[in-house]
Amino acid sequence: MSLVVTDTLEDERVEFTADGDVTLYVCGLTVSDDPHLGHARLWFHADVLHRWLEHEGYDVRHVENVTDVNEKITARVGERDEWTAERDVAETFSASTFSAMRGLNLLRAEVYPRVTEHVPEIVDLVATLVEKGYAYESNGSVYFDVTRFDDYGALSNQNVEELEAQGEPDERSEKRHPADFALWKAGGVSETAARDHAKHDHGDSVPSGETWESPWSEGRPGWHVECSAMSTTHLGDTLDVHMGGRDLVFPHHENEIAQSEAATGETFARHWLHVGLLEMDGEKMSSSIGNFWTVPDALEELGVNVVRTFYAGAAYRSEQALTEETIAEAEERWERLSRTRERAVEALDSVDARAKAEDEDLRAGVATAREEFAAAMNDDLNLREATAALLELTDAVNRHVDGVSEGDDAYDYRGLREAVEAFDDLAGDVLGLQFEAESDGEVGLADELVELIVDVREAEREAGNYERADELRDALREVGVEIEDGPEGTTYRFA
């Protein structure tokens, strides 16, 4: 079965297509605050798409931007003593964002381009649009003429003549059509915008942000044009998949299509996938509203596996509610998966696991789980059904283990090995769950500590302190690390 996705532009389910490597662009954060679970919902679903495509044999080129130029960032200058410029604020929250990504066990993107790195490409793109007659200069600013692009409004299903004005009020007198949008803005951030977005009192010293030279004025890039410049720079004129939150369909993604296709003459994206919003207390989770849970706080309280299992409880395209009940369900599902895999590993590694023992129900359960998981994933990334397939596998494993405990002859070694491999392949590699150790963002810390102890033990052995070396081996065993000494050196594994 081929992968089917819900394409926003087509407004229907379509078969996924790609030529060779898959190019995946994800609309990233404006780094004006710490990331919260609403932001992370998009990250999770983009990550699972990335993982599933790789599981199915595709090479994925994943790019996710960092918007480090924005009036919300500028508005926070001076809020802390060390925030003396827009870049200081952006660097603080960029670091917070990357730390949260690592804590959530996300696959790394090929690159995380920043707006400040790509101003020359943005200026070139704007110049191309002016040259081709799709954009015009007005008082040093440049605007895209939406009436020149025939398909404007197709993504959001809107008629251009019925659209409300885009941009700040002071732009309206400069534009030919109310729906025209800024590609380049003369000057810095307006005092009104800086004060409106501020979380502290600026007094008489209101920051205006960084500006750059251009053929039209010293100014700043428009928000929408940034993603077009960064995505095409790193992935080419046509993307296979463009992902973002549903709240970005209009105007952001509508404008991306218009300016990109007007400039290149090529289809901008083959597939548009939009992730529904995360709701808390009946409203969209939002830093501006204040009803948010930061990623670090959620990871500290719940752990990465519960957070990821929670996200897997709803379709990417629908809204999702964060409640005590939905969190409790995620905790129960993760505990069931983790506990059952642990039982399977213990039985697999016991003396009662035999080469000739065979449980047809267990092996059939593994095969069925794989089939149903793949069918669910290919059915528009139906993660709830995919998780259900894994939970059915837990039933098959527990029936087998319980049967042996109650007097059957032996564990089915091959069947249990296949079950553990299925958990690791599907729940681990595809859903991104971590069975061996919870992640708090410090990747590889457990391995580094074990390797340090192993090195100390080797030094003790070389010095002839065998009793001390044995004590270290026994101490590691007590915390679930098995040491094996062989002709090629010492190895270890987490039991």
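Our subject is the structure listed above.
The present account deals with the structure reproduced in this document.

Scoring rules and cut-offs
Residues numbered from 1 in each chain as written. Predicted model: local features only at pLDDT ≥ 70, side-chain atom pairs only at ≥ 80, totals over all residues. Heavy atoms only, no water. Helix = DSSP H or I, 4+ residues; strand = E, 2+ residues; numbered from the N terminus. Buried < 20%, exposed > 50% of the residue type's maximum accessible area, 1.4 Å probe, protein only. Areas by Shrake-Rupley, 256 points an atom, 1.4 Å probe, with all protein chains shown as cover. Lys, Arg positive; Asp, Glu negative; His and termini not counted. Charge placed at Lys NZ, Arg CZ, Asp CG, Glu CD. Expected span 1.5 Å × (residues − 1). Salt bridge = Lys/Arg side-chain N within 4 Å of Asp/Glu carboxyl O. Contact = heavy atoms within 4.5 Å. Disulfide = S-S within 2.5 Å. Pairing = 2+ DSSP bridges. Axes fitted to C-alpha atoms, helices over the stretch in contact; angles between N-to-C directions. 1 Å grid on protein atoms, 1.4 Å probe; cavity = no way out; pocket = protein on both sides within 12 Å on 5 of 7 lines; lining within 4 Å. Points joined across faces, edges and corners; volume = space filled by probe spheres on them. Nonpolar A, V, L, I, M, F, W, Y, C, P; charged D, E, K, R; others polar.

1. A short note on the overall build of the chain
Phase 1 of the analysis: Secondary structure assignment for the chain yields 15 helices and 17 strands.
Phase 2 of the analysis: The principal-axis extent of the C-alpha atoms belonging to the chain is close to 85 × 55 × 45 Å.
Phase 3 of the analysis: In the chain, buried positions account for 51% of the 495 residues.
Phase 4 of the analysis: On the chain, roughly 22,700 Å² of surface is accessible, and the fraction owed to carbon and sulfur atoms is 43%.
Phase 5 of the analysis: Here the chain contributes 44 positive and 112 negative side-chain charges, whose respective centroids are spaced 2 Å apart.

2. Quick look at helix α1 (residues 37-55)
An α-helix turns once per 3.6 residues; consequently, residues spaced three or four apart project the same way.
Phase 1 of the analysis: Taking 1.5 Å of rise per residue, the 19 residues of α1 would be expected to cover 27 Å, and the 26 Å separating its terminal C-alpha atoms lies within 8% of that figure.
Phase 2 of the analysis: For α1, a buried count of 15 out of 19 residues is recorded, marking the element as mostly surrounded by other parts of the structure.
Phase 3 of the analysis: Count one or two residues on from α1 and you reach Gly-57, which has phi positive near 100°.

3. As for the side chain of Glu-226
Phase 1 of the analysis: Mapped onto the secondary structure, Glu-226 falls in helix α6 (residues 223-235).
Phase 2 of the analysis: Of the buried charged residues, Glu-226 lacks a salt bridge, with Arg-220 as the closest side chain of opposite charge at 7.0 Å.
Phase 3 of the analysis: Other than its neighbours up to four places away in sequence, Glu-226 contacts Thr-67, Val-69, Val-115, Ile-122 and Pro-221.

4. Points about the state of the cysteines
Phase 1 of the analysis: The final tally for this structure, using the stated rule, is zero disulfides.
Phase 2 of the analysis: Cys-27 takes part in no disulfide bond, and the closest cysteine sulfur to it belongs to Cys-227, at a distance of 3.8 Å.
Phase 3 of the analysis: Residue classification places Cys-227 among the buried residues on the basis of a relative accessible area of 2%.

5. Digging into the sheet that holds strand β7 (residues 181-186)
Phase 1 of the analysis: Strands sit in the order β5-β6-β7-β8 across an open sheet of four strands; the sheet is antiparallel. In the strand order of this sheet, the two ends are held by β5 (135-138) and β8 (219-221), each with one partner. On average, each strand axis in the sheet is inclined to that of its neighbour by 20°, with strand direction left out of account.
Phase 2 of the analysis: As defined by bridge partners, β7 adjoins β8 across three bridges and the pair is classed as antiparallel. Along β8, the bridge assignment pairs Ala-186 with Gly-219.
Phase 3 of the analysis: Most of the contacts of helix α4 (residues 119-131) go to β7, to which it runs at about 120°, and overall it touches β5, β6 (141-144), β7 and β8.

6. Focus on the sheet that holds strand β4 (residues 60-64)
Phase 1 of the analysis: Taken in spatial order, the four strands of this open sheet run β4-β3-β9-β10, and their pairing is parallel. Edge positions in the open sheet fall to β4 and β10 (269-275), since each of these has one partner strand only. Averaged over all adjacent pairs, the angle separating strand axes in this sheet is 20°, with direction ignored.
Phase 2 of the analysis: Of the strand pairs in this sheet, strand β3 (residues 22-26) and β4 are connected by five bridges, and their pairing is parallel. Bridge pairing in β4 links Tyr-25 to Val-63.
Phase 3 of the analysis: Across the sheet, α1 touches β3, β4, β9 (239-245) and β10, and the angle it forms with β9 is around 155°.

7. Remarks on the environment of Ala-46
Phase 1 of the analysis: Among the secondary structure elements, Ala-46 is positioned in helix α1.
Phase 2 of the analysis: Residue class for Ala-46 comes out buried when judged on its relative accessible area of 1%.
Phase 3 of the analysis: A C-alpha to C-alpha distance of 31 Å links Ala-46 and Asp-180, two positions 134 residues apart in sequence.
Phase 4 of the analysis: Leaving out residues up to four positions away in the same chain, Ala-46 has contacts with Leu-24, Val-26 and Met-243.

8. Some points on the pattern of salt bridges
Phase 1 of the analysis: Taken as a whole and judged by the stated rule, the model has 28 salt bridges.
Phase 2 of the analysis: Residues Asp-240 and Arg-270 are paired through a salt bridge, measuring 2.5 Å at the closest nitrogen-oxygen approach. On the criterion of sequence distance, the pair formed by Asp-240 in strand β9 and Arg-270 in strand β10 is long-range, its members being 30 residues apart.
Phase 3 of the analysis: On the accessibility criterion, Asp-240 (2% relative accessible area) is buried.
Phase 4 of the analysis: With a shortest N-O distance of 3.4 Å, Arg-473 and Asp-470 are connected by a salt bridge. Placement of the pair is Arg-473 and Asp-470 together in helix α15 (residues 466-478), with a separation of three residues, close to one helical turn.
Phase 5 of the analysis: Overall, Arg-473 belongs to the partly exposed group, its relative accessible area being 24%.
Phase 6 of the analysis: Asp-470 gets classed as partly exposed once you look at its relative accessible area, which sits at 32%.
Phase 7 of the analysis: If you follow the salt bridges from partner to partner, you end up with Asp-33, Arg-76, Glu-79 and Lys-199 in one network.

9. A short note on helix α9 (residues 304-311)
Phase 1 of the analysis: Most of α9 is tucked away, with eight of its eight residues classed as buried.
Phase 2 of the analysis: Buried within α9 we find Val-304, Asn-305, Val-306, Val-307, Arg-308, Thr-309, Phe-310 and Tyr-311.
Phase 3 of the analysis: If you follow the buried residues of α9, they end up packed against α1, α3 (86-103), β11 (278-280), α8 (295-302), β13 (320-321) and α10 (324-348).

10. Concerning the environment of Asp-47
Phase 1 of the analysis: Here Asp-47 shows up in helix α1.
Phase 2 of the analysis: Note: C-alpha distance between Asp-47 and Val-430 (383 residues apart in sequence) is 8.8 Å.

11. A short note on empty space enclosed by the protein
Phase 1 of the analysis: Taken as a whole, this structure holds two cavities of 30 Å³ or more when the rule is applied.
Phase 2 of the analysis: When its volume is computed, the largest cavity comes out at roughly 60 Å³.
Phase 3 of the analysis: Every residue along the wall of the largest cavity is listed here: Trp-43, Ala-46, Asp-47, His-62, Glu-64, Met-101, Leu-106, Leu-107 and Tyr-112.
Phase 4 of the analysis: Mapped onto the lining of the largest cavity, the elements with two or more residues apiece are α1 and β4.
Phase 5 of the analysis: The element contributing the most residues to the lining of the largest cavity is α1, with three residues.
Phase 6 of the analysis: In terms of residue class, the lining of the largest cavity is made up of six nonpolar, one polar and two charged.
Phase 7 of the analysis: Forming the walls of the second largest cavity are Arg-308, Thr-309, Ala-312, Leu-337, Thr-387, Leu-431 and Leu-433.
Phase 8 of the analysis: Residues belonging to the lining of the second largest cavity are distributed by class as follows: four nonpolar, two polar and one charged.

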